[in-house]
Amino acid sequence: MHGEEEDVFDSVTWESASAPYDVDYTAKQTGPGFKQSTAGVEEPHGPHDPKWEGYLITIVKDPLKELPETKDAYVSYLVSAKTNLPIFSSQTSSVRRRFQDFVFLRDHLVKDFPACVVPVLPDKHRLEYITGDRFSPEFMERRRLELHRFLQRIARHPMLQRSTLLRAFLESTEWHVYMHQHLAHPPGPEPTPGLIDNISDTLLNAFARVRKPDERFLEMRESVDKFEDGLVLSERLWNRIRGRTNDLTTDYHDLAVAVQGLGFLESGITDPLNHFSNTLLEFSALLRHKTQTSTDPFLVHLHSLLAYSHANRAVLKLRDQKQLDFEELSDYLSGVTLERDRLSAIISGHAGSSGLGLSAYLKDKVDAIRGADDDRSRVEKMRKLDIKIKELQDAVTTAHETSDAFSDETLREQKVFQYTKEAEMKEMLSNLADGEIEFYQSAIDEWDRIIPIIQRIRVDV
């Protein structure tokens, strides 16, 4: 068990495509991560600072093909967890879950925690599902790594890590029973369409914009835009590098074959040329290995981080929608109140439709034609408007409270996303750097071995 003052995530070795599954939870290791607050650790003091109640470490490993040789075959993954969160019944757990279970977890976390940035899952509609290669070791390992990263992001989240749904996902031996229970009895009351929903559905459209934008969220959106632009550019450049590296891999292989052919022609230096050809083949293999173990995982992680940022953008957009609901409802209330005041003025004889605008004048004329311009009909209409105003006032108050609460939660959520982003950037770039160092060190060793052999070639002058 970790000490109370330990940086929990800094004592975890995060997995890469070539890393072993097993993690030594007790060994003091260094690695990318961020601090999750536990008892005895100094807590942040800001009102929008996230608060962790403990740590949760998850690992997805050992993909296994279930029901082989049948049309219902699928892949299950061993999900292991270690935690000190009080919501869990045990400090360690291990269960097997399939991809559809991860989908259920994600979909319902989004519903249960609309203000949280819930990470996305890898797309299921891939070519492998069409060609039948979804049971290949390469595909299962790539999928395992993506699911591991998905669950890791949830485990790092101070609110999502304490959800009862996640606890059941990690612990329950009757997960399918729990899924049905969760569908039948979701946490919290089911939202029922009310006045605010009916009005906002009518008023809002895809082109509506917040009229009084909050500078804090404008800065956040601008930061997200720049971050995603950087990721897209990096992904494009590294794909280009990957393509050139593949070309070099092929070229070095072809060069090795050519040098080997020269060895058959030059009988005096056949052996050194064969050694040189073997070095070229080894270098070509090193390039291929670097692509598979360093470049490809980097690109996958880069794309995953971009999708995670899109989920963060969706939360910012939803916050704008909450503010827009409040603004539109406030305008609607003002319009209804103005109509009620107009009718009151007409009944009291203090004013008519003149001076109230063309729309009010036309409305009076239409009412006169319909025979609805007498005081009795106006009084009845005012009564209905008073009821509507009361409903709208309640709806505006609710919308305002919802908007403020959602804004506060979004501010906390952005800090959580920032922590996660920094941890993953450190992990991603560290793995890339380690892969490059390993490649160049191995390449130096290969070329160092061939130099003495080349130098032994005697050249008669």
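This is a predicted model, so every value here is computed, not measured.

Its 79 residues place the ends of helix α8 (residues 270–348) 115 Å apart at the C-alpha level, agreeing with the 117 Å of an ideal helix rising 1.5 Å per residue. Along its length, α8 reaches its greatest deviation from straightness, about 40°, at Thr291.

For helix α1 (residues 99–112), with 14 residues, the first-to-last C-alpha span of 20 Å sits near the 20 Å given by 1.5 Å per residue. If you check which residues of α1 are buried, you get Phe99, Asp101, Phe102, Phe104, Leu105, Arg106, His108 and Leu109.

Read from one edge of the open sheet, 3 strands run β1-β2-β3, paired in antiparallel fashion. A strand with exactly one partner marks an edge of an open sheet, and here the two such strands are β1 (56–66) and β3 (92–98). For this sheet, the mean angle separating the axes of adjacent strands, direction not counted, is 20°. Pairing of β1 with strand β2 (residues 74–83), which is carried by 9 bridges, proceeds in the antiparallel orientation.

Counting 33 residues, the largest nonpolar core has Phe102, Leu105, Leu151, Phe169 and Leu170 as its most contacted members. With 6 residues, helix α3 (residues 137–155) is the single largest residue contributor to this core. Ignoring anything within four residues of it in the chain, the contact list for Phe169 reads Val79, Val95, Arg97, Asp101, Phe102, Leu105, Leu151 and Trp175. In this structure, Leu231, Trp238, Leu306 and Leu432 belong to the second largest nonpolar core, which totals 15 residues.

Enumeration according to the criterion identifies 13 aromatic pairs in this entry. Relative to Phe150, the ring of Phe102 has its centre 6.3 Å away and its plane inclined at 65°; by these criteria the two rings are edge-to-face. Here Phe102 is found in helix α1, whereas its partner Phe150 is found in helix α3, with 48 residues between them in sequence. The same class applies to Phe102 as to Phe150, namely buried. Taken together, the ring pairs in this structure connect Phe102, Phe104, Phe150, Phe169, Trp175 and Tyr178 into an aromatic cluster. Over the aromatic face of Phe135 sits the side chain of Lys65, whose NZ or CZ is 4.3 Å from the ring centroid. One cation-aromatic arrangement involves Arg97 over Phe169; the distance from NZ or CZ to the ring centre is 5.6 Å.

A separate point is the packing of α1 against α3. In the contact formed by α1 and α3, the axes pass within 12 Å of each other and the chain directions differ by 30°. Classified by the angle between their axes, α1 and α3 sit roughly parallel to one another. Crossing geometry of α1 relative to α3 is assigned as left-handed. Residues Phe99, Phe102, Leu105, Arg106 and Leu109 of α1 form the contact with α3, whose participating residues are Arg143, Leu147, Phe150, Leu151 and Ile154. Residue composition of the contact of α1 with α3, grouped by class: 8 nonpolar, no polar and 2 charged.

This brings us to the pattern of salt bridges. Opposite charge on two side chains allows them to pair when their charged atoms are near. Considering all chains together, one arrives at 24 salt bridges under this definition. Residue Glu339 is joined to Lys381 by a salt bridge in which the shortest nitrogen-to-oxygen separation is 3.8 Å. Remark: Lys381 occurs in helix α10 (residues 375–455) and Glu339 occurs in helix α8; sequence separation between them is 42 residues. Under the relative-accessibility criterion, Lys381 is labelled partly exposed at 27%. The network of salt bridges with shared partners includes Arg211, Glu328 and Asp331.

Turning next to the confidence of the model for the chain. For the chain, per-residue confidence averages 81 on the pLDDT scale, and 77% of positions sit at 70 or higher. Low pLDDT, under 50, characterises residues 1–41; the predicted model gives this stretch 106 contacts beyond four residues in sequence or across chains.

Quick look at unusual backbone geometry now. If you check the backbone angles, Asp62 has positive phi at about 50° while not being a glycine. When you line up the elements, Asp62 lands in strand β1. At Leu67, a residue that is not glycine, the phi angle is positive and equals roughly 50°. Of the residues examined, Leu67 reaches a relative accessible area of 45% and is grouped as partly exposed.

This part is about the side chain of Ser277. Here Ser277 lies in helix α8. The contacts of Ser277, once residues within four sequence positions are left out, are Ala256, Val257, Val259 and Gln260.

Our next topic: the packing of helix α4 (residues 164–171) against helix α5 (residues 175–184). Running from N to C, α4 and α5 point in directions that differ by 160°, and their axes come no closer than 9 Å. Between α4 and α5, the angle falls in the class roughly antiparallel. Judged by the sense of rotation from one axis to the other, the crossing of α4 with α5 is left-handed. Here Thr164, Leu165, Ala168 and Phe169 of α4 lie close against α5, whose contacting residues are Trp175, Tyr178 and His182. Per-class residue counts for the contact of α4 with α5 are 5 nonpolar, 2 polar and no charged.

The rules behind these values
Counting starts from 1 at the beginning of each chain's written sequence and moves along it residue by residue. Owing to the predicted nature of the model, reporting of local features is limited to residues with pLDDT of at least 70; listing and counting of side-chain atom pairs is limited to 80 or more, with chain, interface and lining totals taken over all residues. Side-chain calculation: all heavy atoms of the structure are included, whereas hydrogens and water are not. By definition, any uninterrupted DSSP run of H or I lasting at least four residues is a helix, any uninterrupted run of E lasting at least two residues is a strand, and each is numbered from the N terminus. A helix's residues, less one, multiplied by 1.5 Å, set its expected span. Here the bend at a residue is taken as the angle between two axes, fitted respectively to the seven residues that end there and the seven that start there. Any residue under 20% of the maximum accessible area for its type is buried, any over 50% is exposed, and the rest in between are partly exposed; the area is computed with a 1.4 Å probe on protein chains only. Whether two strands pair comes down to DSSP finding at least two bridges between them. The axes are straight lines fitted to the C-alpha atoms, using for helices just the contacting stretch, and the angles between their N-to-C directions are given from 0 to 180°. Residues grouped as a nonpolar core are buried Ala, Val, Leu, Ile, Met, Phe, Trp, Tyr and Cys residues, joined through side-chain atoms within 4.5 Å. Should any heavy atoms of two residues lie within 4.5 Å, those residues are considered in contact. Only Phe, Tyr and Trp rings take part, Trp by its six-membered ring, and two of them pair if their centres are within 6.5 Å. Stacked means planes under 30 degrees apart, edge-to-face means over 60, and tilted covers everything else. We count a charge as sitting over a ring when the NZ of a lysine or the CZ of an arginine lies within 6 Å of the ring centre and within 35 degrees of the ring normal. With respect to orientation, any angle under 35 degrees is reported as roughly parallel, any angle over 145 as roughly antiparallel, any angle of 65 to 115 as roughly perpendicular, and every other angle as oblique. For any helix crossing, the convention is left-handed if the near helix is rotated counterclockwise from the far helix by under a right angle, and right-handed if that rotation is clockwise. Any residue that is not Ala, Val, Leu, Ile, Met, Phe, Trp, Tyr, Cys, Pro, Asp, Glu, Lys or Arg is counted as polar, Gly included; the first ten are nonpolar and the last four charged. The salt bridge definition used is simple: a Lys or Arg side-chain nitrogen within 4 Å of an Asp or Glu carboxyl oxygen. pLDDT: the predictor's confidence for each residue, scored from 0 to 100.

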